[in-house]
Amino acid sequence: NVDVMKDVTLGFGEALQQCREESQLTEDKMEEFFHFWRDDFRFEDRELGCAIKCMSTHFNLLTDSHRMHHENTDKFIKSFPNGEVLSQLMIEVIHQCEQRYDAEEDHCWRILRIAECFKTSCQARGIAPTMELLMTEFIMEAE
Ligand code: M21
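What counts, and where the lines are drawn
Residues numbered from 1 in each chain as written. Predicted model: local features only at pLDDT ≥ 70, side-chain atom pairs only at ≥ 80, totals over all residues. Heavy atoms only, no water. Helix = DSSP H or I, 4+ residues; strand = E, 2+ residues; numbered from the N terminus. Rg over C-alpha atoms; globule rule 2.2 N^0.38 Å. Buried < 20%, exposed > 50% of the residue type's maximum accessible area, 1.4 Å probe, protein only. Areas by Shrake-Rupley, 256 points an atom, 1.4 Å probe, with all protein chains shown as cover. Axes fitted to C-alpha atoms, helices over the stretch in contact; angles between N-to-C directions. Parallel < 35°, antiparallel > 145°, perpendicular 65-115°, else oblique. Left-handed = near helix turned anticlockwise from the far one by under 90°. Contact = heavy atoms within 4.5 Å. Nonpolar A, V, L, I, M, F, W, Y, C, P; charged D, E, K, R; others polar.

A. The overall build of the protein chain, seen in detail. Within the protein chain one finds 7 helices and 0 strands. Going from N to C terminus, the protein chain has its helices and strands arranged as α-α-α-α-α-α-α. Since a compact globule built from 143 residues should have a radius of gyration of about 15 Å, the 14 Å found for the protein chain is in line with a globular shape. Over its C-alpha atoms, taken along the principal directions, the protein chain stretches across nearly 40 × 35 × 25 Å. Of all 143 residues assigned to the protein chain, the portion counted as buried reaches 46%. As displayed, the protein chain offers around 7,900 Å² of accessible surface, 47% of which is attributable to carbon and sulfur atoms.

This is the structure:
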């Protein structure tokens, strides 16, 4: 499960470079997307929420009201090896987080809060990938 999350994170993270300009997310705020899983990662910059919104749009994962598109998200997760073992759970977690922050009208801020909630829930459920795992894979991919 942790391996599936690793692959989805690295796959999703491929859209970061394309979204930097649009979201004004500078490298000092987030160098690489997988740093999302670091213990000391802070969810403070609105730009990060904007970047996740842009990246989600890039993969067609949002509806017109900027909420998760369940069907497309399911297909996206299942496009990774063994994605089917985690797809339902991930969608459920994100959906619960969406409901918790539904009153926030600013899309970037809301998505940032949802992302933080998603990370915390994944850690509580033991499906968050470790940084060692992510970094090793990231470096191997780059070589
Ligand atoms: C699994 C890899 C990365 C996940 C990153 C962020 C997940 C955040 C979910 C935000 C979904 C936005 C939904 C909008 O309502």
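And the narrative resumes.
B. Summary view of the packing of helix H4 (residues 70–78) against helix H5 (residues 87–100). Relative orientation of the contacting elements H4 and H5 amounts to 135°, with a least axis distance of 9 Å. Between H4 and H5, the crossing angle belongs to the class labelled oblique. Crossing of H4 over H5 shows right-handed handedness. When H4 is examined against H5, the residues His-70, Thr-73, Asp-74, Ile-77 and Lys-78 are found in contact with a partner set consisting of Ser-87, Gln-88, Met-90, Ile-91 and His-95. Along the lines of polarity and charge, the residues of the contact of H4 with H5 split into 3 nonpolar, 5 polar and 2 charged.

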